[in-house]
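Structural characterization, general
Residues per chain, in single letters:
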Amino acid sequence: MAIRRGRGVAAINYPTGMNLGGDPTQALVHSTPTGNFMVTLSSVDLGQGMKQIMAQICAETIGVPTDRVVVDTADTDTGPHCMGTFASRGTHRAGNAVIQAAREARQVMLEVAAEELEVNASDLETDGQGNILVKGAPQKSISIFDVALSAHFKRGRSISGRGMFLIPRSYPEKETGAMKPSTCYAHACTVAEVEVDDETGEVTVLTVKNVFEIGRALNPKMVEQQLVGGSWMGISHALYETTEPYYPNRDHGGTDFNQYLMPGPGDLAETEIIVLERPSADGPYGAKGPGEMCANPQMPAVANAVFDAVGVRIDTLPITPERILRALKAQAN
Amino acid sequence: MELRKSYFADVRKDDLHEIGQPRPRSDSPGHVTGRTAYFADRNFPGMLHLKMVRSPHHHARIRSIDTSEAEKHPGVIKVLTAKDVPHNVYTILILIQVGPEDETVLADGKVRWKGEAVVAVLAETERAAQEAAAKVKVDYEVLPAVFDMEEALKPGAPIVNEYHGQNYYLYDSGACRKVRFGDVEAGFAQADHVLEQSYQSSPIEHAPTETTGCVVAPEGNDRFTCHTNTQAMFFTLDNTSIILQMPGSKLHFVGGTVGGGFGGKVDVIVEPIAILGAKLTGRPVCFIYSREEEMQISSPRAAEKVVIKDGVMKDGRIVARKVTGYTDAGAYSRHSPYGAQKGAGHYPGPYTVPNVWIDTYCVYTNRTPSSAMRGFGVTIGDFALEVQMDKLARLIGMDPLEFRFINAYRDGDMKAHRQPTEGAALIECMQEAARVANWPVAEKYMAMSSYKNGA
């Protein structure tokens, strides 16, 4: 009896957005009298930080700092339609809608600035700090604060925009299955290293090295939290979790966190995250949806590592000590 | 986390101001100081608590329901049964024309899974609602149940859900969603090795910090404001409008700050009945799942069975892949027909295989309905595919990572569902994984590229 070490690899891809498309999201953007910007949505922030990302996308597009953007979301009396937050779609779908709305608002903003500066709007650019400058003559400039005041009180303009993003629905062909499930795919490759106690069947995940290709890390710290959390969930799915431990038998289902097995902080592996960026053609600033796929490659990587360690295949999730011991026993016979 | 900018350096840019910057989240301080308001922080004077009487049986006919004792219980204001729900039989995806309507808000004549909602009790306190719920008498005639997908698909198996008439979802393509590409049998005939393996998963709980729920307040203008942690505002509003036969203009949903979803809050379960309760009593109503309900009543990730048969050459090329996927929907559809179909669009995984045959089935059994969960339709499929890839590599004596390089899809490769590959990056992910994990692979693989005609 011994502690045996092994490692395994898995590589995956994952579609962004609702399968087969047909999942619209809309956004509205408007400026306040002093040049702050409101993004109005009905999208839901599940805790992943969607509001912050929409603020950064709007800020980038309009050309102001992120702290001048406020996101008002998930009120059906005010927010235009969003299909919902699921299917790794939030950033991709709502982000594109926000870009379109923000572009329209930016155009009005530049037109008002052009009138104030007596130049053509096409000759203007933003400095990202809250000012609009004449290209090639940056000494000629106006603050967005003053532009918004002018729009509201002098020129009677609404600095606002409407955005809509919809990928037309694809219908699978009945006999061949020809279809377009998605327009862009994120990718991952994970290497997991485990120790398996062949006496108790217990698996300890030592390290997980995840490489994720996500199009564009719009906010690197925030995507990191999602990728690390996903990696932990993948390990948890691989080794611990189920509401029906003897599926298809319905008995012994956990009803609280004492009975429903999940890893504690001490069970979490040393986790490494590496991000590659291949901007997607239709993603907001190239982003793809990493929300779901980041929890997928750890399961097969751990299963393959267990085989590498003790030479038994556990093809049923979760990979419990009981299943490992039964497999070792069967192998010995 | 590290960003490796050497990959795709010709197409990625660093010329933006706000995008790509690690700005702190504006909502974090509220979350960590307890100032963020979640739906359950709403508390209205006179608010009622809703508790469900649930089926103790996996499959049973309801002979009768007697709510008289419950109605007399101190603090009870209203007891609801199926007849109180205007459009009691519904299905959530009807909004995108995926029917039939197959699920009851409150059981009518039959229960199809242990835990199914039968009677809703509204009382002044949570305790009174709970105590009164225990006094509801339901007379059941227990029916044979089926839990195993293979058993459910056999002729003569008990029918789980009469609205379908058979124990699988009927797609326009038949009993399963199909993908046919090339000639899979010719591929197996030509292969040096054929390997068929079966993979199985079990239902999994989303385990969000915040359980599913809502707080509903009737407004003075005949409208209802529903504070909810749904993942999809209008999806829930529009379904509620159908179930309650109430114009959508009467409904106002407020949410968007959620303590974890993971797909578990895409179903439309708590809001319609809570709003109905508010309408019939004229009082605010809260319906919040206990942790036990969250774990055993709310939809889990479906259990799946995936059978993969591959034909592989000694040189590492996969020449044929046949996948049969089974998704255990439990008693009702919810999002499972969508999930099973998503699997059909995902197989054979990120690999270029010339001959592919895919069948994915959505199967009904007498268990808690499964539904959306992070990656569903793909997650368990990837477990199966990637363990299978490891087995195939070892079968032909090849390094598992090198074996994947040989088969990895690249730009321009035709997928089984007949879309050309665009924006591929699997090869680069594997190259970086080989580097970071110190997993040696031959130089020719490290020189490959996902680009069309890449080395």
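Just so it is clear, the model here is predicted, and its values are computed rather than measured.

**Let's talk about helix α9 (residues 336-346) of chain B**
- Burial analysis of α9 of chain B places eleven of its eleven residues in the buried class, the great majority of the element.
- At its buried positions, α9 of chain B is contacted by β10 (177-181), β17 (318-330), β18 (356-364) and α10 (379-395) of chain B.

**Some thoughts on the domain arrangement of chain B**
Residue and element names in this part refer to chain B.
- Examined at the domain level, chain B breaks down into domain 1 (48-142 + 207-296) and domain 2 (177-204 + 300-446).
- Counting residues at the interface gives 17 residues for domain 1 and 17 residues for domain 2.
- Each residue belonging to the side of domain 1 that touches domain 2 can be placed in one class, and the counts come to six nonpolar, seven polar and four charged.

**Describing the sheet that holds strand β1 (residues 2-3) of chain B**
- Strand order across the open sheet formed by five strands is β1(A)-β9(A)-β10(A)-β11(A)-β1(B), with mixed pairing between neighbours. Where the open sheet ends on each side, the last strands, each with one partner, are β1 (3-15) of chain A together with β1 of chain B.
- Taken together, the ten bridges between strand β9 (residues 185-197) of chain A and strand β10 (residues 203-213) of chain A define a ladder with antiparallel strand orientation. Paired with V196 of chain A across the strands is V203 of chain A, a residue of β10 of chain A.
- Here helix α4 (residues 220-239) of chain A sits on the sheet and contacts β10 and β11 (270-276) of chain A together with β1 of chain B; the angle it forms with β10 of chain A, its principal contact strand, is near 140°.

**Looking at the nonpolar core**
- Counting residues in hydrophobic clusters, the biggest one holds 234 residues, and the most contacted among them are V39, M54, C58, V98, V302 and V306 of chain A together with V121 of chain B.
- Of all the elements, helix α2 (residues 90-117) of chain A adds the most residues to this core, at eleven residues.
- Not counting residues within four places of it along the chain, the set of residues in contact with C58 of chain A comprises V29, F37, V39, V69, V98 and A102 of chain A.

**A short note on the domain arrangement of chain A**
Residues and elements named next belong to chain A.
- When the domains of chain A are assigned, the result is domain 1 (3-16 + 183-332) and domain 2 (25-165).
- Just the C-alpha atoms count here: the centres of domain 1 and domain 2 sit 39 Å apart.
- Facing 16 residues of domain 1, the contacting portion of domain 2 comprises 14 residues.
- When its residues are assigned to classes, the side of domain 1 that touches domain 2 shows eight nonpolar, six polar and two charged.

**Structural notes on the interface of chain A and chain B**
- At the interface, 100 residues of chain A touch 101 residues of chain B.
- Elements represented by at least two residues in the side of chain A that touches chain B include exactly β1, α1 (50-62), β9, β10, α4, β11 and α5 (298-310) of chain A.
- Per-class residue counts for the side of chain A that touches chain B are 49 nonpolar, 30 polar and 21 charged.
- The pairing of β11 of chain A with β1 of chain B spans two bridges and is classified as parallel.

**Some thoughts on the pairing of strand β12 (residues 213-218) of chain B**
Residues and elements named next belong to chain B.
- Among the six residues that make up β12, five are buried, leaving the element largely enclosed by the rest of the structure.
- Here β12 pairs with strand β15 (residues 285-288) via four bridges, running antiparallel. Residue pairing for β15: V216 is matched across the bridge by V285.
- With five bridges joining them, β12 and strand β13 (residues 224-228) adopt antiparallel strand pairing. Bridge pairing in β13 places V215 opposite H227.

What counts and how
- Residues numbered from 1 in each chain as written.
- Chains lettered and ligands numbered in written order.
- Predicted model: local features only at pLDDT ≥ 70, side-chain atom pairs only at ≥ 80, totals over all residues.
- Buried ≥ 20, exposed ≤ 12 C-beta atoms within 10 Å, placed from the backbone.
- Helix = DSSP H or I, 4+ residues; strand = E, 2+ residues; numbered from the N terminus.
- Contact = placed C-beta atoms within 7 Å.
- Domains from an automatic or database assignment.
- Nonpolar A, V, L, I, M, F, W, Y, C, P; charged D, E, K, R; others polar.
- Pairing = 2+ DSSP bridges.
- Axes fitted to C-alpha atoms, helices over the stretch in contact; angles between N-to-C directions.
- Core = buried A, V, L, I, M, F, W, Y, C linked by C-beta atoms within 7 Å.

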